[in-house]
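# Structural features, examined
As a plain string of letters, each chain reads:
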Amino acid sequence: MKRVLFHKSVMPPWLTKITAEIHESSGLFPSAINHVLINEYHPDQGIMPHQDGPAYFPVVAILSLGSPVVMDFTPHLRLRSGDGYISKDQSPCAESCAPERDSFSVLLMPQSLLIFKDDAYSDFLHGISDSPTQCYNQVVNEAEALAYSNEEDSRKDGDKIFHRDQTRVSLTCRLVPKVRKNLFRF
Ligand SMILES: O=C(O)CCC(=O)C(=O)O
Ligand SMILES: [Fe+2]
(Lines give C-alpha, C1' and ligand atoms only; values in the text may rest on other atoms or scores of the structure.)
(Ligands and ions follow the chains in the order given, each with its own letter.)
Protein backbone atom coordinates (compact mmCIF):
# COMPACT_ATOMS: atom_id res chain seq x y z
CA MET A 1 0.00 0.00 0.00
CA LYS A 2 1.27 3.47 -0.84
CA ARG A 3 0.62 6.24 1.67
CA VAL A 4 1.12 9.98 1.36
CA LEU A 5 0.55 12.31 4.27
CA PHE A 6 -0.37 15.98 3.91
CA HIS A 7 -0.26 18.47 6.75
CA LYS A 8 -2.09 21.73 6.23
CA SER A 9 1.10 23.63 5.50
CA VAL A 10 1.83 21.53 2.40
CA MET A 11 -1.67 20.81 1.12
CA PRO A 12 -2.15 21.55 -2.57
CA PRO A 13 -5.08 23.89 -3.34
CA TRP A 14 -7.20 21.07 -4.84
CA LEU A 15 -6.96 19.19 -1.55
CA THR A 16 -7.70 22.23 0.59
CA LYS A 17 -10.82 22.74 -1.53
CA ILE A 18 -11.99 19.20 -0.71
CA THR A 19 -11.23 19.45 3.02
CA ALA A 20 -12.89 22.89 3.26
CA GLU A 21 -16.03 21.46 1.64
CA ILE A 22 -16.07 18.54 4.11
CA HIS A 23 -15.48 20.90 7.04
CA GLU A 24 -18.18 23.35 6.00
CA SER A 25 -20.84 20.91 4.85
CA SER A 26 -20.49 18.46 7.76
CA GLY A 27 -20.22 21.00 10.57
CA LEU A 28 -18.54 18.25 12.59
CA PHE A 29 -15.00 19.63 12.88
CA PRO A 30 -14.38 22.56 15.26
CA SER A 31 -11.73 24.01 12.92
CA ALA A 32 -10.25 23.42 9.48
CA ILE A 33 -9.14 19.88 8.61
CA ASN A 34 -5.34 19.95 8.78
CA HIS A 35 -4.28 16.34 8.20
CA VAL A 36 -5.00 14.16 5.15
CA LEU A 37 -3.67 10.67 4.57
CA ILE A 38 -3.94 9.37 1.00
CA ASN A 39 -3.80 5.58 0.76
CA GLU A 40 -3.60 3.47 -2.36
CA TYR A 41 -4.76 -0.15 -2.04
CA HIS A 42 -4.27 -2.92 -4.58
CA PRO A 43 -7.13 -5.46 -4.72
CA ASP A 44 -5.29 -7.76 -2.27
CA GLN A 45 -4.52 -5.03 0.23
CA GLY A 46 -6.48 -3.81 3.23
CA ILE A 47 -5.82 -2.30 6.60
CA MET A 48 -5.73 -4.17 9.90
CA PRO A 49 -8.46 -3.49 12.43
CA HIS A 50 -7.29 -0.47 14.40
CA GLN A 51 -8.40 2.57 16.29
CA ASP A 52 -7.26 6.01 15.16
CA GLY A 53 -4.93 7.55 17.68
CA PRO A 54 -5.69 10.01 20.49
CA ALA A 55 -3.75 12.74 18.66
CA TYR A 56 -6.78 13.36 16.43
CA PHE A 57 -10.06 15.11 17.08
CA PRO A 58 -12.48 12.13 17.25
CA VAL A 59 -14.17 12.60 13.88
CA VAL A 60 -12.81 11.08 10.69
CA ALA A 61 -13.97 11.64 7.12
CA ILE A 62 -12.95 9.08 4.48
CA LEU A 63 -13.42 9.89 0.81
CA SER A 64 -13.22 6.77 -1.37
CA LEU A 65 -12.25 6.46 -5.03
CA GLY A 66 -11.73 3.42 -7.28
CA SER A 67 -12.69 -0.07 -6.19
CA PRO A 68 -15.44 -0.43 -3.58
CA VAL A 69 -14.40 -2.14 -0.34
CA VAL A 70 -16.09 -3.22 2.86
CA MET A 71 -14.97 -1.53 6.05
CA ASP A 72 -15.60 -3.69 9.10
CA PHE A 73 -16.31 -2.21 12.53
CA THR A 74 -15.65 -4.54 15.45
CA PRO A 75 -16.16 -3.71 19.12
CA HIS A 76 -12.95 -2.56 20.71
CA LEU A 77 -11.76 -4.99 23.36
CA ARG A 78 -9.58 -2.57 25.25
CA LEU A 79 -7.58 -5.19 27.12
CA ARG A 80 -6.76 -7.29 24.10
CA SER A 81 -3.84 -5.21 22.91
CA GLY A 82 -2.07 -2.13 24.14
CA ASP A 83 -1.39 -0.54 20.76
CA GLY A 84 -4.94 -0.53 19.43
CA TYR A 85 -4.32 -3.26 16.84
CA ILE A 86 -5.71 -6.78 16.93
CA SER A 87 -4.71 -9.67 14.74
CA LYS A 88 -6.09 -9.98 11.23
CA ASP A 89 -8.07 -13.16 11.88
CA GLN A 90 -10.33 -11.28 14.25
CA SER A 91 -11.79 -9.26 11.41
CA PRO A 92 -15.39 -10.43 10.87
CA CYS A 93 -14.82 -11.19 7.20
CA ALA A 94 -11.26 -12.51 7.35
CA GLU A 95 -11.93 -16.20 6.86
CA SER A 96 -15.67 -16.50 6.47
CA CYS A 97 -18.54 -14.11 6.66
CA ALA A 98 -19.59 -15.34 10.10
CA PRO A 99 -20.87 -12.28 11.96
CA GLU A 100 -19.18 -11.25 15.19
CA ARG A 101 -21.52 -9.95 17.87
CA ASP A 102 -22.19 -6.20 17.65
CA SER A 103 -19.92 -5.83 14.65
CA PHE A 104 -21.13 -4.18 11.48
CA SER A 105 -19.73 -3.18 8.13
CA VAL A 106 -20.07 -0.32 5.68
CA LEU A 107 -19.59 -0.60 1.93
CA LEU A 108 -17.35 2.24 0.79
CA MET A 109 -18.41 3.01 -2.74
CA PRO A 110 -16.33 5.13 -5.13
CA GLN A 111 -16.94 8.86 -4.63
CA SER A 112 -18.60 8.22 -1.28
CA LEU A 113 -17.76 10.02 1.93
CA LEU A 114 -17.89 8.09 5.21
CA ILE A 115 -17.78 10.15 8.39
CA PHE A 116 -17.66 8.42 11.75
CA LYS A 117 -17.35 9.71 15.28
CA ASP A 118 -18.40 9.15 18.90
CA ASP A 119 -18.88 5.43 19.73
CA ALA A 120 -17.90 4.31 16.24
CA TYR A 121 -14.62 6.19 16.73
CA SER A 122 -13.84 5.30 20.32
CA ASP A 123 -15.45 1.88 20.95
CA PHE A 124 -14.92 0.14 17.62
CA LEU A 125 -11.91 -0.88 15.60
CA HIS A 126 -12.17 -0.34 11.85
CA GLY A 127 -10.39 -2.30 9.17
CA ILE A 128 -10.55 -3.62 5.61
CA SER A 129 -9.83 -7.25 4.78
CA ASP A 130 -6.85 -7.75 2.47
CA SER A 131 -8.80 -10.24 0.38
CA PRO A 132 -9.71 -9.39 -3.24
CA THR A 133 -13.05 -11.03 -2.35
CA GLN A 134 -15.12 -8.74 -0.18
CA CYS A 135 -18.02 -9.96 1.89
CA TYR A 136 -20.99 -7.66 2.37
CA ASN A 137 -23.25 -9.84 4.55
CA GLN A 138 -23.24 -7.30 7.34
CA VAL A 139 -23.16 -3.99 5.51
CA VAL A 140 -25.53 -1.31 6.76
CA ASN A 141 -25.94 0.06 3.21
CA GLU A 142 -26.88 -3.17 1.43
CA ALA A 143 -28.89 -1.47 -1.31
CA GLU A 144 -25.68 0.04 -2.68
CA ALA A 145 -23.96 -3.34 -2.50
CA LEU A 146 -26.73 -5.06 -4.43
CA ALA A 147 -26.55 -2.41 -7.12
CA TYR A 148 -22.81 -3.04 -7.47
CA SER A 149 -22.49 -6.83 -7.35
CA ASN A 150 -23.66 -9.17 -10.08
CA GLU A 151 -25.16 -12.68 -9.98
CA GLU A 152 -21.81 -14.39 -10.47
CA ASP A 153 -20.41 -12.64 -7.42
CA SER A 154 -22.83 -14.28 -4.97
CA ARG A 155 -21.66 -17.53 -3.41
CA LYS A 156 -23.90 -20.59 -3.27
CA ASP A 157 -23.65 -20.95 0.50
CA GLY A 158 -25.45 -17.65 1.00
CA ASP A 159 -22.52 -15.33 1.68
CA LYS A 160 -22.77 -12.14 -0.31
CA ILE A 161 -19.49 -11.27 -1.98
CA PHE A 162 -17.96 -9.18 -4.74
CA HIS A 163 -14.50 -9.08 -6.25
CA ARG A 164 -12.19 -6.09 -6.15
CA ASP A 165 -10.63 -5.71 -9.54
CA GLN A 166 -9.20 -2.19 -9.38
CA THR A 167 -7.01 -0.06 -7.18
CA ARG A 168 -8.72 1.91 -4.43
CA VAL A 169 -7.58 5.33 -3.29
CA SER A 170 -8.84 6.87 -0.07
CA LEU A 171 -8.43 10.32 1.44
CA THR A 172 -8.65 10.12 5.22
CA CYS A 173 -9.29 13.61 6.54
CA ARG A 174 -8.72 14.48 10.18
CA LEU A 175 -8.04 17.32 12.54
CA VAL A 176 -4.98 17.39 14.77
CA PRO A 177 -5.95 19.93 17.44
CA LYS A 178 -3.36 22.61 18.16
CA VAL A 179 -1.35 21.94 21.30
CA ARG A 180 -1.49 24.99 23.55
CA LYS A 181 2.09 26.11 23.90
CA ASN A 182 1.72 27.51 27.39
CA LEU A 183 0.04 24.39 28.78
CA PHE A 184 2.93 23.53 31.08
CA ARG A 185 3.92 27.06 32.04
CA PHE A 186 3.60 27.80 35.77
O1 LIG B 1 -8.18 3.94 3.75
C2 LIG B 1 -9.18 3.87 4.44
O3 LIG B 1 -10.31 3.81 3.99
C4 LIG B 1 -9.03 3.84 5.94
C5 LIG B 1 -7.75 4.40 6.43
C6 LIG B 1 -7.66 4.43 7.92
O7 LIG B 1 -8.48 3.88 8.62
C8 LIG B 1 -6.54 5.13 8.58
O9 LIG B 1 -5.62 5.58 7.90
O10 LIG B 1 -6.58 5.26 9.81
FE1 LIG C 1 -8.24 4.42 10.65
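An account of the accompanying structure is given in this report. (Residues numbered from 1 in each chain as written. Chains lettered and ligands numbered in written order. Predicted model: local features only at pLDDT ≥ 70, side-chain atom pairs only at ≥ 80, totals over all residues. Heavy atoms only, no water.)

### Some details on the sheet that holds strand 3 (residues 47-50)
- Sheet architecture is open: four strands sit in the order 3-8-5-6, paired in antiparallel fashion. The open sheet has two edge strands with one neighbour each: strand 3 and strand 6 (104-108). Along the sheet, successive strands turn relative to each other by an average axial angle of 20°, direction set aside.
- Pairing between strand 5 (residues 69-75) and strand 8 (residues 124-128): five bridges, direction antiparallel. When the sheet's bridge partners are listed, phenylalanine 73 is paired in strand 8 with histidine 126. (Pairing = 2+ DSSP bridges. Helix = DSSP H or I, 4+ residues; strand = E, 2+ residues; numbered from the N terminus. Axes fitted to C-alpha atoms, helices over the stretch in contact; angles between N-to-C directions.)

### Observations regarding unusual backbone geometry
- Phi at glutamine 111 is positive, roughly 65°, even though this residue is not glycine.
- When you line up the elements, glutamine 111 lands in the loop between strand 6 and strand 7 (113-117).
- A positive phi angle, near 50°, is found at aspartate 118, a position not held by glycine.
- Along the polypeptide, aspartate 118 turns up in helix 2 (residues 118-122).

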